[in-house]
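Survey of secondary and tertiary structure
Each chain is listed here by its residues.
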Amino acid sequence: MVVTVTTVQHTVTPFYNGAKEMQEAYMRLYGFDYKKACCSANDFDFRKLD
């Protein structure tokens, strides 16, 4: 599963605020509940798009 998120603040990682944007994107696109799955930053590979 792949999602592209835009963060509110310029940051190095999308996990700075509890991955709020990622949680919303995964739920909207795949119906995947990030919190129920007990996911952490180590479960994801991410790359910064500039």
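This text goes with the structure placed above it.
Quick look at the structure, then. (Residues numbered from 1 in each chain as written. Predicted model: local features only at pLDDT ≥ 70, side-chain atom pairs only at ≥ 80, totals over all residues. Heavy atoms only, no water.)

What follows deals with the packing of aromatic side chains. On inspection of all chains with the given rule, the structure shows six aromatic pairs. Ring centres of Phe15 and Phe44 lie 6.0 Å apart, and the angle between their planes is 40 degrees; this geometry places the pair in the tilted category. Of this pair, Phe15 sits in the segment before helix H1 (20-30) while Phe44 sits in the segment after H1, placing them 29 residues apart in sequence. Per residue, the accessibility class of Phe15 equals that of Phe44, and both read buried. A centroid spacing of 5.6 Å and a plane angle of 15 degrees characterise the contact between Tyr34 and Phe44, whose relative ring orientation is stacked. Separated by 10 residues along the polypeptide, Tyr34 in the segment after H1 and Phe44 in the segment after H1 bring together distant segments of the chain. Just as Tyr34 is buried, Phe44 falls in that class too. (Phe/Tyr/Trp six-rings, centres within 6.5 Å; stacked < 30°, edge-to-face > 60°. Helix = DSSP H or I, 4+ residues; strand = E, 2+ residues; numbered from the N terminus. Buried < 20%, exposed > 50% of the residue type's maximum accessible area, 1.4 Å probe, protein only.)

Let us now look at the nonpolar core. Counting nine residues, the largest nonpolar core is built from Val3, Phe15, Ala19, Met22, Ala25, Tyr26, Tyr34, Cys39 and Phe44. When residues no more than four places from it in sequence are discounted, the contact partners of Tyr26 are Met1, Val3, Gly31, Phe32 and Phe44. (Core = buried A, V, L, I, M, F, W, Y, C linked by side-chain atoms within 4.5 Å. Contact = heavy atoms within 4.5 Å.)

This paragraph deals with the side chain of Glu21. Position of Glu21 among the secondary structure elements: in helix H1. Of the buried charged residues, Glu21 lacks a salt bridge, with Lys20 as the closest side chain of opposite charge at 6.8 Å. Beyond its immediate sequence surroundings of up to four residues, Glu21 is in contact with Val5, Thr6, Thr7, Val8, Pro14 and Tyr16. (Lys, Arg positive; Asp, Glu negative; His and termini not counted. Salt bridge = Lys/Arg side-chain N within 4 Å of Asp/Glu carboxyl O.)

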